[in-house]
Amino acid sequence: MRVAVFTGSHAGPPSHAEAAAAFARGLADAGVGIVYGGGNVGLMGVVADAALAAGGEVVGVIPQHLVDDEVAHPGLPRLEIVQSMHERKAVMADLSDAFVALPGAAGTLEELFEAWTWGMLGLHAKPTALVDVDGFWQPLLAQLRRMVDDGYLDAARLDALGVVPDAAGLLEFVAAYRHPQRKWTAPPPAP
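Parameters at a glance
- Residues numbered from 1 in each chain as written.
- Predicted model: local features only at pLDDT ≥ 70, side-chain atom pairs only at ≥ 80, totals over all residues.
- Heavy atoms only, no water.
- Helix = DSSP H or I, 4+ residues; strand = E, 2+ residues; numbered from the N terminus.
- Rg over C-alpha atoms; globule rule 2.2 N^0.38 Å.
- Buried < 20%, exposed > 50% of the residue type's maximum accessible area, 1.4 Å probe, protein only.
- Contact = heavy atoms within 4.5 Å.
- Areas by Shrake-Rupley, 256 points an atom, 1.4 Å probe, with all protein chains shown as cover.
- Lys, Arg positive; Asp, Glu negative; His and termini not counted.
- Charge placed at Lys NZ, Arg CZ, Asp CG, Glu CD.
- 1 Å grid on protein atoms, 1.4 Å probe; cavity = no way out; pocket = protein on both sides within 12 Å on 5 of 7 lines; lining within 4 Å.
- Points joined across faces, edges and corners; volume = space filled by probe spheres on them.
- Nonpolar A, V, L, I, M, F, W, Y, C, P; charged D, E, K, R; others polar.
- Polar contact = N/O pair within 3.5 Å; in protein donor to acceptor, adjacent residues only side chain to side chain.
- Phe/Tyr/Trp six-rings, centres within 6.5 Å; stacked < 30°, edge-to-face > 60°.
- Pairing = 2+ DSSP bridges.
- Right-handed = clockwise from strand over helix to strand, strands pointing away.
- Axes fitted to C-alpha atoms, helices over the stretch in contact; angles between N-to-C directions.
- Left-handed = near helix turned anticlockwise from the far one by under 90°.
- Salt bridge = Lys/Arg side-chain N within 4 Å of Asp/Glu carboxyl O.

Enquirer: Please clarify how the overall build of the protein chain should be interpreted in this entry.
Expert: Regarding its fold elements, the protein chain presents 8 helices and 7 strands. Against the compact-globule benchmark of 16 Å for 191 residues, the protein chain has a radius of gyration of 17 Å, which places it among compact chains. When its C-alpha atoms are laid out on the principal axes, the protein chain stretches across 60 × 35 × 30 Å. Residues classed as buried in the protein chain amount to 47% of the 191 residues present. Here the contacts in the protein chain between residues at least 6 apart in sequence split such that 71% fall between residues at least 24 apart. Counting only carbon and sulfur atoms, one obtains 56% of the accessible surface of the protein chain, whose full area is about 9,300 Å². One way to put it: in the protein chain the 12 positive side-chain charges average out to a point 8 Å from where the 22 negative ones average out.

See below:
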């Protein structure tokens, strides 16, 4: 099993780096591989370093322009170099059995929402979750609940988005996951 980990290219507060490292070690200790953005910076680098140090499988997927900027992690046993950010996300999705977001910024949100949306549209049936470090995702969850309340988001879709504290919580969520019916389905054929 492999999990796509979306997270920041900045380190954030020390508690976030500590949680990211513990999360990566937890996955490695459970024999779960990590697929991530291939960088050596921020929480991305923390995740890769911690998983590698724990003997875990780590696969990086990075666009050539970021390799050119010397952002690629030099210690990865497997680094997939792609041409675009779009290709990066597609390759990460293909290589992964689940998606999870640790704290991050706009790029983390974009990756998370694309993976979650692909599931809603029936492009995959893989679990998607948030690791809620220090309540980081609570404002986002409040906004998502508002979307449900205002009729923009089906409550079943929000319920299917995992909110977990750590690697063990993610693995429990994945083991119990039941994918909701896809958002759009063709009407039954006319009699």
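Enquirer: Help me out: how do you make sense of the layout of surface pockets in this one?
Expert: Sizing a probe to match a water molecule and rolling it over the atoms shows the empty space that remains. Put simply, the largest pocket is a space of about 390 Å³. Surrounding the largest pocket, 29 residues form its lining, Thr7, Gly8, Ser9, Met44 and Thr108 being those nearest its centre. The dominant element in the lining of the largest pocket, judged by the number of residues it contributes, is helix α5 (residues 106-120), at 5 residues. Partitioning the lining of the largest pocket into residue classes produces 15 nonpolar, 11 polar and 3 charged.

Enquirer: I tried to follow the environment of Ala51 on my own but got confused; where do I start?
Expert: Along the polypeptide, Ala51 turns up in helix α2 (residues 42-53). With 44 residues separating them in the primary sequence, Ala51 and Leu95 have C-alpha atoms 17 Å apart.

Enquirer: What is the right way to read the side chain of His73 from this model?
Expert: Position of His73 relative to the elements: it lies in the loop between α3 (64-68) and β4 (78-82). Owing to a relative accessible area of 10%, His73 belongs among the buried residues under this scheme. A polar contact of 2.9 Å, which involves the side chain of His73, links it to the backbone nitrogen of Gly75. With residues up to four places along the chain from it excluded, the contact list for His73 reads Tyr36, Gly38, Gly39, Asn40, Ala48, Asp49 and Leu52.

Enquirer: Quick question: what am I supposed to make of the packing of aromatic side chains here?
Expert: The geometry of an aromatic ring pair is captured by the separation of the ring centres together with the interplanar angle, meaning the angle of the planes. Scanning the entire structure with this criterion turns up 4 aromatic pairs. On the numbers, 6.0 Å between centres and 15 degrees between planes, the contact of Phe6 with Phe99 is stacked. Of the two residues, Phe6 sits in strand β1 (residues 2-6) while Phe99 sits in strand β5 (residues 98-101), which places them 93 residues apart along the sequence. Like Phe6, the residue Phe99 is buried in the burial classification. Seen in terms of ring centroids, Phe136 and Trp137 are 4.8 Å apart; in terms of plane orientation they differ by 85 degrees. Their pairing is edge-to-face. Relative accessible area serves as the criterion here: at 3%, Trp137 is assigned to the buried category.

Enquirer: How should I be thinking about the pairing of strand β6 (residues 128-131) in this particular structure?
Expert: Of the two faces of β6, both are covered, the one formed by Thr128 and Leu130 as well as the one formed by Ala129 and Val131. Summarising the sheet, β5 and β6 pair through 3 bridges and their orientation is parallel. Each bridged residue has a counterpart across the sheet, and for Val100 the counterpart in β6 is Ala129. With α5 bridging β5 and its parallel neighbour β6, the resulting β-α-β unit is right-handed.

Enquirer: Help me understand the packing of helix α1 (residues 14-29) against α2 in this model?
Expert: The relative placement of two packed helices is expressed as an angle between their axes plus a distance between the axes. Where α1 contacts α2, the two axes come as close as 8 Å, and the packing angle between them is 35 degrees. Along this stretch, α1 crosses α2, giving a crossing that reads as right-handed. Within the contact between the two elements, α1 uses His16, Ala17, Ala20, Ala21, Ala24, Arg25 and Ala28 and α2 uses Leu43, Val46, Val47, Ala50 and Ala51.

Enquirer: I'm lost on the pattern of salt bridges in this one. Help?
Expert: Charged atoms that come close allow side chains of opposite charge to pair. Under the criterion given, the structure shown has 5 salt bridges. For Lys89, the salt bridge is made with Glu110, and the minimal N-O distance between the two is 2.3 Å. Here the residue Lys89 occupies a position in helix α4 (residues 85-95), and Glu110 occupies one in helix α5, the gap between them amounting to 21 residues. Using a relative accessible area of 36% as the deciding quantity, one classes Glu110 as partly exposed. Between Lys89 and Glu114 there is a salt bridge, with the nearest N and O atoms lying 3.2 Å from each other. Of the two residues, Lys89 sits in helix α4 while Glu114 sits in helix α5, which places them 25 residues apart along the sequence. One salt-bridge network, held together by shared partners, links Lys89, Glu110 and Glu114.

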